[in-house]
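Residues per chain, in single letters:
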Amino acid sequence: MKRLFTLILSTLLIAVGGMRAAHAADTIGTVDYDKLVRSYNKAQLFSDDMKTKEADLEKTRAEFVKQIREAKTKQPNNPVAVDQLQKSLEDKLNTKVNEYRSLQESQAKALEDEMNNAIESAAKSKNLSVILAKQTVFVGGTDITNDVLSRLNAGTSAPATTK
């Protein structure tokens, strides 16, 4: 009798635990963050803008190198003036680099916040209590990536593609 009671109690505990696990699986969502970054219109614009700024920095650097070479050619007997020019141009370039870096960090943070807010909003609308990166989940979970993208891209148009 004691064995039967233990067997019944064990079966009930396993069943209740299984129901809890099944319920927990229903409240777990996944999101493909890489897809968000690739498909979010503002993230694409940000990426394009950063590429433009990098090209601008490279153009500026090349122009400064050209100016220094010309100064060395025109003033071979005046290394102090060339050194001063080089220091001045390096300072200008460093200032520009720091401005771009600061802008990049603030814009990246704003994009990250927007994506995280959209993830939280989509999770709440689907009554999901946990959201995991899709790449870390082998099986299960409710994928909310497309819902998040819809929220992020609502009211915005995709950037024009260049070929």
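Here we summarise the structure given alongside this text. The residue numbering used here restarts from 1 in each chain and proceeds along that chain's sequence as written. Restriction of local features to residues with pLDDT of at least 70 applies here, the model being predicted, together with a cutoff of 80 or more for giving and counting side-chain atom pairs; totals for whole chains, interfaces and linings are based on all residues. To get the side-chain values, take all heavy atoms of the structure and skip hydrogens and water.

## Observations regarding the overall build of the chain
And step 1. Think of it this way: any DSSP run of H or I at least four residues long counts as a helix, any run of E at least two long counts as a strand, and we number them from the N terminus. For the chain, the count of helices and strands is five helices and three strands.
And step 2. In sequence order, the chain lays out its α and β elements as α-β-α-α-α-β-β-α.
And step 3. Exposure is judged per residue with a 1.4 Å probe applied to protein chains only, and the accessible area is read against the type maximum: over 50% gives exposed, under 20% gives buried, and values in between give partly exposed. Here the chain holds 163 residues, and 21% of them are scored as buried.
And step 4. Here the contacts in the chain between residues at least 6 apart in sequence split such that 82% fall between residues at least 24 apart.
And step 5. Surface accessibility of the chain: about 11800 Å² in total, with carbon and sulfur atoms responsible for 57%. A contact between two residues is defined here by any heavy atoms of the two lying within 4.5 Å. Note on areas: Shrake-Rupley, 1.4 Å probe, and residue coverage restricted to the protein chains presented here.

## Overview of the nonpolar core
And step 1. The biggest cluster of nonpolar side chains holds 17 residues, and the ones touching the most others in it are Val 31, Leu 36, Tyr 40, Ile 119, Ile 144, Val 148 and Leu 152.
And step 2. Those elements that provide at least two residues to this core are helix H3 (41–74), helix H4 (79–125) and helix H5 (145–153).
And step 3. With six residues, H4 is the largest single contributor of residues to this core.
And step 4. Here Val 31 is in contact with Leu 36, Ile 119, Ile 131, Leu 132, Ala 133, Lys 134, Gln 135, Asp 143, Ile 144, Thr 145 and Val 148, once residues within four sequence places are set aside.
And step 5. What makes a nonpolar core is a set of buried Ala, Val, Leu, Ile, Met, Phe, Trp, Tyr and Cys residues whose side-chain atoms join them at distances within 4.5 Å. Counting eight residues, the second largest nonpolar core, distinct from the first, contains Ile 68, Val 82, Leu 93 and Tyr 100.

## Let's talk about unusual backbone geometry
And step 1. Phi at Asn 127 is positive, roughly 55 degrees, even though this residue is not glycine.
And step 2. Summarising the element assignment, Asn 127 is placed in the loop between H4 and strand E2 (130–133).
And step 3. With a relative accessible area of 62%, Asn 127 lands in the exposed category.

## Some details on the pairing of strand E1 (residues 28–31)
And step 1. For two strands to pair, DSSP has to find at least two bridges joining them. Of the strand pairs in this sheet, E1 and E2 are connected by four bridges, and their pairing is parallel. Within the sheet, the bridge partner assigned to Ile 28 lies in E2 and is Val 130.

## What to know about the packing of H4 against H5
And step 1. Between the N-to-C directions of two axes lies an angle of 0 to 180 degrees, each axis being a line fitted to C-alpha atoms and, for a helix, fitted only over the stretch in contact. Between H4 and H5, whose axes approach to 9 Å, the crossing angle comes to 125 degrees. As summarised for this structure, H4 and H5 are arranged oblique, according to the angle between their axes. The crossing of H4 and H5 is right-handed. Residues Glu 114, Met 115, Ala 118, Ile 119, Ser 121, Ala 122 and Ser 125 of H4 form the contact with H5, whose own contacting residues are Asp 147, Val 148, Arg 151 and Leu 152.
And step 2. Each residue gets one label: Ala, Val, Leu, Ile, Met, Phe, Trp, Tyr, Cys and Pro are nonpolar, Asp, Glu, Lys and Arg are charged, and the others, such as Gly, are polar. Looking at side-chain class alone, the contact of H4 with H5 contains six nonpolar, two polar and three charged residues. Geometric relationships in this document are graded by angle, where less than 35 degrees denotes roughly parallel, more than 145 denotes roughly antiparallel, 65 to 115 denotes roughly perpendicular, and other angles denote oblique. By the definition used in this description, the sense in which the near helix is turned from the far one sets the handedness, with an anticlockwise turn below a right angle giving left-handed and a clockwise turn giving right-handed.

## A closer look at H4
And step 1. Between the first and last residue of a helix there are one fewer steps than residues, each counted as 1.5 Å, and that sum is the expected span. Between its terminal C-alpha atoms H4 stretches 68 Å, which fits the 69 Å expected from 47 residues at 1.5 Å a residue.
And step 2. All of the buried residues in H4 are Val 82, Leu 89, Leu 93, Tyr 100, Leu 111, Met 115, Ala 118, Ile 119, Ala 122 and Ala 123.
And step 3. Those residues of H4 that are buried lie in contact with E1, helix H2 (33–39), H3, E2 and H5.
And step 4. Within two residues after H4, Asn 127 carries a phi angle of roughly 55 degrees, on the positive side.

## Some thoughts on the sheet that holds strand E3 (residues 142–143)
And step 1. Spatial ordering of the open sheet is given by E2-E1-E3, a layout of three strands whose pairing is parallel. Edge positions in the open sheet fall to E2 and E3, since each of these has one partner strand only.
And step 2. Across two bridges, the pairing between E1 and E3 is parallel. Directly across from Thr 30, in E3, lies its bridge partner Asp 143.

## Notes on the packing of H3 against H4
And step 1. For the pair H3 and H4, the least separation of the axes is 10 Å and the interaxial angle reads 175 degrees. With respect to each other, H3 and H4 are oriented roughly antiparallel.
And step 2. When grouped by side-chain class, the residues that make up the contact of H3 with H4 number 16 nonpolar, five polar and nine charged.

Taken by themselves, the reported measurements are silent on function.
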